[in-house]
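# Structural overview
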Amino acid sequence: MGETVKIEAFVLVFISVFMHAAWNFMSKKDSPSMAFYLLAAAAGGLIWSGALFFCQVDVMALPWQFWAFFLISNCFEVLYFLALSHGYRQGDISLVYPLGRALPVILVAVVTSLFGIGKIPALQAFIGMAVIFAGCIIMPLENWKSFKLSTYCNKLLFWVLMIGVGTTGYTIFDSMAMEILNNVPGRSPLFKTIFYIFIVQMAITATLAVPVFVSRESRRELKALCKSYSPYVAGIFSASAYVLILLAMKFVTNVSYIQAFRQMSLPLGVLAGIFILKEKCSPPKLVGILLVVSGLVMTSLK
(Lines give C-alpha, C1' and ligand atoms only; values in the text may rest on other atoms or scores of the structure.)
Protein backbone atom coordinates (compact mmCIF):
# COMPACT_ATOMS: atom_id res chain seq x y z
CA MET A 1 0.00 0.00 0.00
CA GLY A 2 2.93 2.37 0.47
CA GLU A 3 3.57 4.97 3.12
CA THR A 4 0.48 7.06 2.45
CA VAL A 5 -2.11 4.28 2.73
CA LYS A 6 -2.24 1.41 5.19
CA ILE A 7 -3.91 -1.92 4.50
CA GLU A 8 -6.25 -1.31 7.45
CA ALA A 9 -7.85 1.62 5.60
CA PHE A 10 -8.48 -0.45 2.48
CA VAL A 11 -10.03 -3.34 4.47
CA LEU A 12 -12.30 -1.06 6.52
CA VAL A 13 -13.55 0.75 3.42
CA PHE A 14 -13.95 -2.55 1.55
CA ILE A 15 -16.33 -3.82 4.24
CA SER A 16 -18.21 -0.52 4.40
CA VAL A 17 -18.93 -0.36 0.67
CA PHE A 18 -21.15 -3.45 0.85
CA MET A 19 -23.29 -1.74 3.50
CA HIS A 20 -23.28 1.53 1.56
CA ALA A 21 -24.42 -0.09 -1.69
CA ALA A 22 -27.08 -2.04 0.22
CA TRP A 23 -28.68 0.97 1.92
CA ASN A 24 -28.67 3.01 -1.30
CA PHE A 25 -30.35 0.12 -3.09
CA MET A 26 -32.96 -0.16 -0.32
CA SER A 27 -33.77 3.55 -0.39
CA LYS A 28 -34.14 3.54 -4.18
CA LYS A 29 -36.30 0.41 -4.12
CA ASP A 30 -38.58 1.49 -1.27
CA SER A 31 -39.07 5.27 -1.07
CA PRO A 32 -36.21 7.70 -1.76
CA SER A 33 -37.64 10.60 0.24
CA MET A 34 -36.78 12.93 3.12
CA ALA A 35 -39.17 10.94 5.34
CA PHE A 36 -37.26 7.73 4.55
CA TYR A 37 -33.91 9.32 5.35
CA LEU A 38 -35.30 10.85 8.57
CA LEU A 39 -36.24 7.41 9.90
CA ALA A 40 -32.95 5.97 8.65
CA ALA A 41 -30.91 8.65 10.43
CA ALA A 42 -32.85 8.17 13.67
CA ALA A 43 -32.34 4.40 13.57
CA GLY A 44 -28.66 4.80 12.70
CA GLY A 45 -28.13 7.09 15.67
CA LEU A 46 -30.04 5.06 18.26
CA ILE A 47 -28.02 1.89 17.73
CA TRP A 48 -24.85 3.79 18.67
CA SER A 49 -26.37 5.80 21.54
CA GLY A 50 -24.51 3.69 24.09
CA ALA A 51 -21.30 5.44 23.07
CA LEU A 52 -22.34 8.42 25.21
CA PHE A 53 -21.83 6.30 28.32
CA PHE A 54 -18.59 4.58 27.31
CA CYS A 55 -16.58 7.03 25.20
CA GLN A 56 -15.46 9.07 28.27
CA VAL A 57 -15.19 12.23 26.17
CA ASP A 58 -15.75 15.50 28.01
CA VAL A 59 -18.16 17.13 25.57
CA MET A 60 -17.85 20.54 27.23
CA ALA A 61 -14.07 20.44 26.83
CA LEU A 62 -14.19 20.04 23.05
CA PRO A 63 -12.88 23.18 21.30
CA TRP A 64 -15.17 25.43 19.26
CA GLN A 65 -13.39 24.34 16.07
CA PHE A 66 -14.73 20.81 16.57
CA TRP A 67 -18.33 22.04 16.84
CA ALA A 68 -17.86 24.37 13.87
CA PHE A 69 -16.63 21.49 11.67
CA PHE A 70 -19.44 19.29 13.00
CA LEU A 71 -22.18 21.82 12.19
CA ILE A 72 -20.80 22.56 8.72
CA SER A 73 -20.63 18.83 8.04
CA ASN A 74 -24.27 18.50 9.09
CA CYS A 75 -25.28 21.11 6.50
CA PHE A 76 -23.52 19.14 3.78
CA GLU A 77 -25.10 15.89 5.04
CA VAL A 78 -28.60 17.37 4.76
CA LEU A 79 -27.80 18.70 1.28
CA TYR A 80 -26.63 15.19 0.35
CA PHE A 81 -29.86 13.52 1.51
CA LEU A 82 -32.03 16.19 -0.11
CA ALA A 83 -30.23 15.72 -3.43
CA LEU A 84 -30.26 11.94 -3.10
CA SER A 85 -34.04 11.85 -2.59
CA HIS A 86 -34.64 13.98 -5.70
CA GLY A 87 -31.99 12.15 -7.73
CA TYR A 88 -33.37 8.68 -7.04
CA ARG A 89 -36.90 9.83 -7.77
CA GLN A 90 -35.88 11.17 -11.19
CA GLY A 91 -33.28 8.64 -12.35
CA ASP A 92 -32.08 5.02 -12.16
CA ILE A 93 -29.70 4.00 -9.40
CA SER A 94 -27.25 2.83 -12.08
CA LEU A 95 -27.21 6.43 -13.37
CA VAL A 96 -27.41 8.55 -10.20
CA TYR A 97 -25.15 6.38 -8.03
CA PRO A 98 -22.00 6.47 -10.21
CA LEU A 99 -22.40 10.12 -11.25
CA GLY A 100 -23.04 11.22 -7.69
CA ARG A 101 -19.92 9.40 -6.54
CA ALA A 102 -17.73 10.67 -9.39
CA LEU A 103 -17.36 14.31 -8.41
CA PRO A 104 -16.15 13.77 -4.81
CA VAL A 105 -13.25 11.62 -6.03
CA ILE A 106 -11.70 14.66 -7.75
CA LEU A 107 -13.17 17.42 -5.56
CA VAL A 108 -11.90 16.00 -2.27
CA ALA A 109 -8.40 15.58 -3.70
CA VAL A 110 -8.37 19.10 -5.16
CA VAL A 111 -9.82 20.85 -2.10
CA THR A 112 -7.57 19.08 0.42
CA SER A 113 -4.50 19.79 -1.74
CA LEU A 114 -5.37 23.47 -2.26
CA PHE A 115 -6.02 24.11 1.43
CA GLY A 116 -3.22 21.90 2.76
CA ILE A 117 -5.52 19.42 4.53
CA GLY A 118 -3.28 16.38 4.97
CA LYS A 119 -0.40 15.26 2.81
CA ILE A 120 -0.74 15.86 -0.93
CA PRO A 121 -1.44 12.53 -2.70
CA ALA A 122 1.23 11.06 -4.95
CA LEU A 123 1.02 11.58 -8.72
CA GLN A 124 0.04 7.96 -9.31
CA ALA A 125 -2.80 8.35 -6.81
CA PHE A 126 -4.05 11.45 -8.64
CA ILE A 127 -3.96 9.54 -11.94
CA GLY A 128 -5.83 6.65 -10.33
CA MET A 129 -8.49 9.05 -9.06
CA ALA A 130 -8.83 10.53 -12.54
CA VAL A 131 -9.33 7.01 -13.97
CA ILE A 132 -12.02 6.36 -11.33
CA PHE A 133 -13.69 9.64 -12.27
CA ALA A 134 -13.65 8.66 -15.97
CA GLY A 135 -15.21 5.30 -15.14
CA CYS A 136 -17.97 7.00 -13.15
CA ILE A 137 -18.74 9.35 -16.05
CA ILE A 138 -18.84 6.54 -18.63
CA MET A 139 -20.82 4.07 -16.52
CA PRO A 140 -24.30 5.65 -16.93
CA LEU A 141 -24.15 5.76 -20.77
CA GLU A 142 -26.60 3.61 -22.73
CA ASN A 143 -24.23 3.46 -25.71
CA TRP A 144 -21.07 5.16 -26.97
CA LYS A 145 -23.04 7.52 -29.22
CA SER A 146 -24.68 9.04 -26.16
CA PHE A 147 -21.31 10.28 -24.88
CA LYS A 148 -22.01 13.97 -25.46
CA LEU A 149 -22.71 17.08 -23.42
CA SER A 150 -26.48 16.91 -23.89
CA THR A 151 -26.56 13.52 -22.13
CA TYR A 152 -25.42 15.11 -18.89
CA CYS A 153 -27.09 18.52 -19.22
CA ASN A 154 -30.59 17.88 -17.85
CA LYS A 155 -32.61 18.47 -14.69
CA LEU A 156 -31.16 15.38 -13.04
CA LEU A 157 -27.62 16.77 -13.39
CA PHE A 158 -28.30 19.50 -10.81
CA TRP A 159 -29.17 16.97 -8.12
CA VAL A 160 -26.21 14.79 -9.08
CA LEU A 161 -23.95 17.83 -8.65
CA MET A 162 -25.49 18.51 -5.23
CA ILE A 163 -24.89 14.87 -4.22
CA GLY A 164 -21.24 15.35 -5.15
CA VAL A 165 -20.92 18.67 -3.32
CA GLY A 166 -22.63 17.27 -0.22
CA THR A 167 -20.39 14.20 -0.14
CA THR A 168 -17.26 16.29 -0.64
CA GLY A 169 -18.23 18.70 2.13
CA TYR A 170 -19.11 16.24 4.85
CA THR A 171 -16.13 14.01 4.05
CA ILE A 172 -13.63 16.86 4.49
CA PHE A 173 -15.21 18.43 7.58
CA ASP A 174 -15.79 15.08 9.27
CA SER A 175 -12.11 14.21 8.78
CA MET A 176 -11.07 17.49 10.44
CA ALA A 177 -13.55 17.02 13.30
CA MET A 178 -12.34 13.45 13.88
CA GLU A 179 -8.72 14.62 13.96
CA ILE A 180 -9.60 16.98 16.82
CA LEU A 181 -11.70 14.36 18.60
CA ASN A 182 -8.94 11.75 18.46
CA ASN A 183 -6.55 14.18 20.17
CA VAL A 184 -8.72 14.86 23.24
CA PRO A 185 -8.82 12.63 26.36
CA GLY A 186 -11.17 9.67 26.18
CA ARG A 187 -11.28 5.99 25.38
CA SER A 188 -10.04 4.31 22.20
CA PRO A 189 -10.53 5.77 18.68
CA LEU A 190 -13.29 3.20 18.16
CA PHE A 191 -15.41 4.59 21.01
CA LYS A 192 -14.72 8.17 19.90
CA THR A 193 -15.79 7.27 16.37
CA ILE A 194 -19.03 5.71 17.59
CA PHE A 195 -19.67 8.79 19.72
CA TYR A 196 -19.17 11.01 16.69
CA ILE A 197 -21.45 8.98 14.43
CA PHE A 198 -24.15 9.15 17.12
CA ILE A 199 -24.12 12.96 17.32
CA VAL A 200 -23.95 13.18 13.52
CA GLN A 201 -27.01 10.95 13.08
CA MET A 202 -28.96 12.82 15.75
CA ALA A 203 -28.11 16.17 14.13
CA ILE A 204 -29.26 14.88 10.73
CA THR A 205 -32.47 13.56 12.31
CA ALA A 206 -33.25 16.91 13.95
CA THR A 207 -32.53 18.86 10.77
CA LEU A 208 -34.50 16.58 8.44
CA ALA A 209 -37.46 16.63 10.85
CA VAL A 210 -38.13 20.28 9.99
CA PRO A 211 -39.00 19.89 6.28
CA VAL A 212 -40.70 16.53 6.89
CA PHE A 213 -43.09 17.75 9.58
CA VAL A 214 -43.81 21.00 7.74
CA SER A 215 -45.09 19.12 4.68
CA ARG A 216 -48.44 17.33 5.01
CA GLU A 217 -47.48 14.89 2.24
CA SER A 218 -44.18 14.08 3.98
CA ARG A 219 -45.99 13.50 7.28
CA ARG A 220 -48.32 11.00 5.60
CA GLU A 221 -45.35 9.28 3.98
CA LEU A 222 -43.52 9.17 7.31
CA LYS A 223 -46.53 7.53 8.97
CA ALA A 224 -46.65 4.86 6.27
CA LEU A 225 -42.89 4.24 6.35
CA CYS A 226 -42.92 3.72 10.12
CA LYS A 227 -44.55 0.35 9.46
CA SER A 228 -41.79 -0.73 7.05
CA TYR A 229 -38.49 -2.28 8.10
CA SER A 230 -36.51 -0.80 5.20
CA PRO A 231 -35.74 2.66 6.64
CA TYR A 232 -34.48 1.17 9.89
CA VAL A 233 -32.27 -1.43 8.22
CA ALA A 234 -30.99 1.19 5.76
CA GLY A 235 -30.18 3.52 8.66
CA ILE A 236 -28.27 0.85 10.56
CA PHE A 237 -26.31 -0.05 7.42
CA SER A 238 -25.64 3.61 6.61
CA ALA A 239 -24.40 4.53 10.09
CA SER A 240 -22.34 1.34 10.47
CA ALA A 241 -20.73 1.84 7.07
CA TYR A 242 -19.74 5.38 8.01
CA VAL A 243 -18.30 4.24 11.34
CA LEU A 244 -15.87 2.14 9.31
CA ILE A 245 -15.11 5.12 7.05
CA LEU A 246 -14.35 7.37 10.03
CA LEU A 247 -12.09 4.70 11.52
CA ALA A 248 -10.28 4.33 8.19
CA MET A 249 -9.50 8.06 8.07
CA LYS A 250 -6.76 7.74 10.68
CA PHE A 251 -4.89 5.24 8.51
CA VAL A 252 -4.36 7.61 5.56
CA THR A 253 -2.42 10.85 5.15
CA ASN A 254 -5.10 12.47 2.99
CA VAL A 255 -8.85 11.85 3.15
CA SER A 256 -8.99 11.81 -0.68
CA TYR A 257 -7.71 8.22 -0.52
CA ILE A 258 -10.80 7.26 1.48
CA GLN A 259 -13.07 8.94 -1.05
CA ALA A 260 -11.35 7.02 -3.85
CA PHE A 261 -11.63 3.67 -2.05
CA ARG A 262 -15.33 4.25 -1.42
CA GLN A 263 -15.89 3.90 -5.16
CA MET A 264 -15.58 0.15 -4.68
CA SER A 265 -19.31 0.39 -3.98
CA LEU A 266 -20.02 1.56 -7.55
CA PRO A 267 -19.81 -1.84 -9.25
CA LEU A 268 -22.03 -3.25 -6.51
CA GLY A 269 -24.64 -0.52 -6.91
CA VAL A 270 -24.67 -0.77 -10.69
CA LEU A 271 -24.88 -4.57 -10.69
CA ALA A 272 -27.72 -4.45 -8.14
CA GLY A 273 -29.59 -2.05 -10.41
CA ILE A 274 -29.05 -4.32 -13.40
CA PHE A 275 -29.81 -7.73 -11.89
CA ILE A 276 -32.33 -6.88 -9.16
CA LEU A 277 -34.10 -3.74 -10.37
CA LYS A 278 -33.82 -4.94 -14.01
CA GLU A 279 -32.22 -1.69 -15.18
CA LYS A 280 -30.54 -1.66 -18.58
CA CYS A 281 -26.98 -2.91 -19.02
CA SER A 282 -24.64 -1.52 -21.66
CA PRO A 283 -21.02 -1.86 -22.85
CA PRO A 284 -20.14 1.58 -21.37
CA LYS A 285 -21.32 0.37 -17.95
CA LEU A 286 -18.98 -2.62 -18.13
CA VAL A 287 -16.06 -0.46 -19.33
CA GLY A 288 -16.85 2.02 -16.56
CA ILE A 289 -16.70 -0.70 -13.92
CA LEU A 290 -13.31 -1.86 -15.26
CA LEU A 291 -11.98 1.71 -15.16
CA VAL A 292 -13.15 2.16 -11.57
CA VAL A 293 -11.46 -1.07 -10.48
CA SER A 294 -8.28 -0.13 -12.38
CA GLY A 295 -8.24 3.31 -10.81
CA LEU A 296 -8.65 1.82 -7.36
CA VAL A 297 -5.62 -0.40 -7.90
CA MET A 298 -3.53 2.57 -9.07
CA THR A 299 -4.63 4.69 -6.11
CA SER A 300 -3.95 2.03 -3.49
CA LEU A 301 -0.48 1.08 -4.75
CA LYS A 302 2.58 3.23 -4.23
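Residues numbered from 1 in each chain as written. Predicted model: local features only at pLDDT ≥ 70, side-chain atom pairs only at ≥ 80, totals over all residues. Heavy atoms only, no water.

### Topic: the nonpolar core
- By size, the foremost hydrophobic cluster in this structure holds 91 residues, and its most contacted members are Val13, Tyr37, Phe66, Leu181, Tyr196 and Ile258.
- Beyond its immediate sequence surroundings of up to four residues, phenylalanine 66 is in contact with Ala177, Ile180, Leu181, Tyr196 and Ile199. (Core = buried A, V, L, I, M, F, W, Y, C linked by side-chain atoms within 4.5 Å. Buried < 20%, exposed > 50% of the residue type's maximum accessible area, 1.4 Å probe, protein only. Contact = heavy atoms within 4.5 Å.)

### Digging into the pattern of salt bridges
- In total, this model carries one salt bridge according to the counting rule given.
- Close ionic contact of arginine 89 with glutamate 221 constitutes a salt bridge, the shortest N to O distance being 3.3 Å. Taken together, the positions of arginine 89 in helix α4 (residues 64-90) and glutamate 221 in helix α10 (residues 216-225) put the pair 132 residues apart, joining distant regions of the chain. (Salt bridge = Lys/Arg side-chain N within 4 Å of Asp/Glu carboxyl O. Helix = DSSP H or I, 4+ residues; strand = E, 2+ residues; numbered from the N terminus.)

### Description of the packing of helix α2 (residues 34-46) against helix α9 (residues 189-214)
- Between α2 and α9, whose axes approach to 8 Å, the crossing angle comes to 155°. Classified by the angle between their axes, α2 and α9 sit roughly antiparallel to one another. Like other packed secondary-structure pairs, α2 and α9 cross with a definite hand, here left-handed. Touching Met34, Ala35, Tyr37, Leu38, Ala40, Ala41, Ala42, Gly44, Gly45 and Leu46 of α2 are Phe198, Gln201, Met202, Ile204, Thr205, Leu208, Ala209, Pro211, Val212 and Phe213, all from α9. (Axes fitted to C-alpha atoms, helices over the stretch in contact; angles between N-to-C directions. Parallel < 35°, antiparallel > 145°, perpendicular 65-115°, else oblique. Left-handed = near helix turned anticlockwise from the far one by under 90°.)

### Looking at a nonpolar patch on the surface
- Nonpolar side chains collect at one region of the surface, where Ile7, Val11, Phe14, Ile15 and Phe18 lie side by side and expose about 440 Å² of accessible area between them.
- Mapped onto the elements, valine 11 comes out in helix α1 (residues 7-29). (Patch = residues over 30% accessible without salt bridge, like charges linked within 9 Å, V, L, I, M, F, W, Y side chains within 5 Å. Areas by Shrake-Rupley, 256 points an atom, 1.4 Å probe, with all protein chains shown as cover.)

### Quick notes on the packing of aromatic side chains
- Applying the stated criterion across every chain, the model contains 15 aromatic pairs.
- Where phenylalanine 69 meets phenylalanine 173, the ring centres are 6.0 Å apart and the plane angle is 45°; that geometry is what we call tilted. Of this pair, phenylalanine 69 sits in helix α4 while phenylalanine 173 is found in helix α8 (residues 155-181), placing the two residues 104 residues apart along the sequence.
- A ring pair is formed by tyrosine 80 and tyrosine 170, whose centres lie 5.6 Å apart and whose planes are at 75°; its orientation type is edge-to-face. Placement of tyrosine 80 in helix α4 and of tyrosine 170 in helix α8 is noted, with a sequence separation of 90 residues between them. (Phe/Tyr/Trp six-rings, centres within 6.5 Å; stacked < 30°, edge-to-face > 60°.)

### Quick notes on empty space enclosed by the protein
- Counted under the stated rule, the structure contains four cavities of 30 Å³ or more.
- In this structure, the largest cavity occupies an estimated 150 Å³ of space.
- Lining the largest cavity are 14 residues, and of these Trp23, Glu77, Tyr170, Ser238 and Tyr242 lie nearest its centre.
- When contributions to the lining of the largest cavity are tallied by element, the ones reaching two or more residues are α1, α4, α9 and α11 (230-248).
- At four residues, α9 tops the list of elements feeding residues into the lining of the largest cavity.
- Looking at side-chain class alone, the lining of the largest cavity contains nine nonpolar, three polar and two charged residues.
- Quantified by volume, the second largest cavity comes out at close to 60 Å³.
- Lining the second largest cavity are Trp23, Tyr37, Ala40, Ala41, Phe81, Gln201, Ala234, Gly235 and Ser238.
- Secondary-structure elements contributing two or more residues to the lining of the second largest cavity are α2 and α11.
- Residue classes in the lining of the second largest cavity are distributed as six nonpolar, three polar and no charged. (1 Å grid on protein atoms, 1.4 Å probe; cavity = no way out; pocket = protein on both sides within 12 Å on 5 of 7 lines; lining within 4 Å. Points joined across faces, edges and corners; volume = space filled by probe spheres on them. Nonpolar A, V, L, I, M, F, W, Y, C, P; charged D, E, K, R; others polar.)

### Concerning the layout of surface pockets
- Taken as a whole, the second largest pocket holds about 280 Å³ of empty space.
- Ser175, Glu179, Met249, Lys250 and Val252 are, among the 13 residues lining the second largest pocket, the residues nearest its centre.
- Of all the elements, α8 adds the most residues to the lining of the second largest pocket, at three residues.
- When the residues that make up the lining of the second largest pocket are grouped by side-chain class, the tally is six nonpolar, five polar and two charged.

Nothing here speaks to function; it is all geometry.
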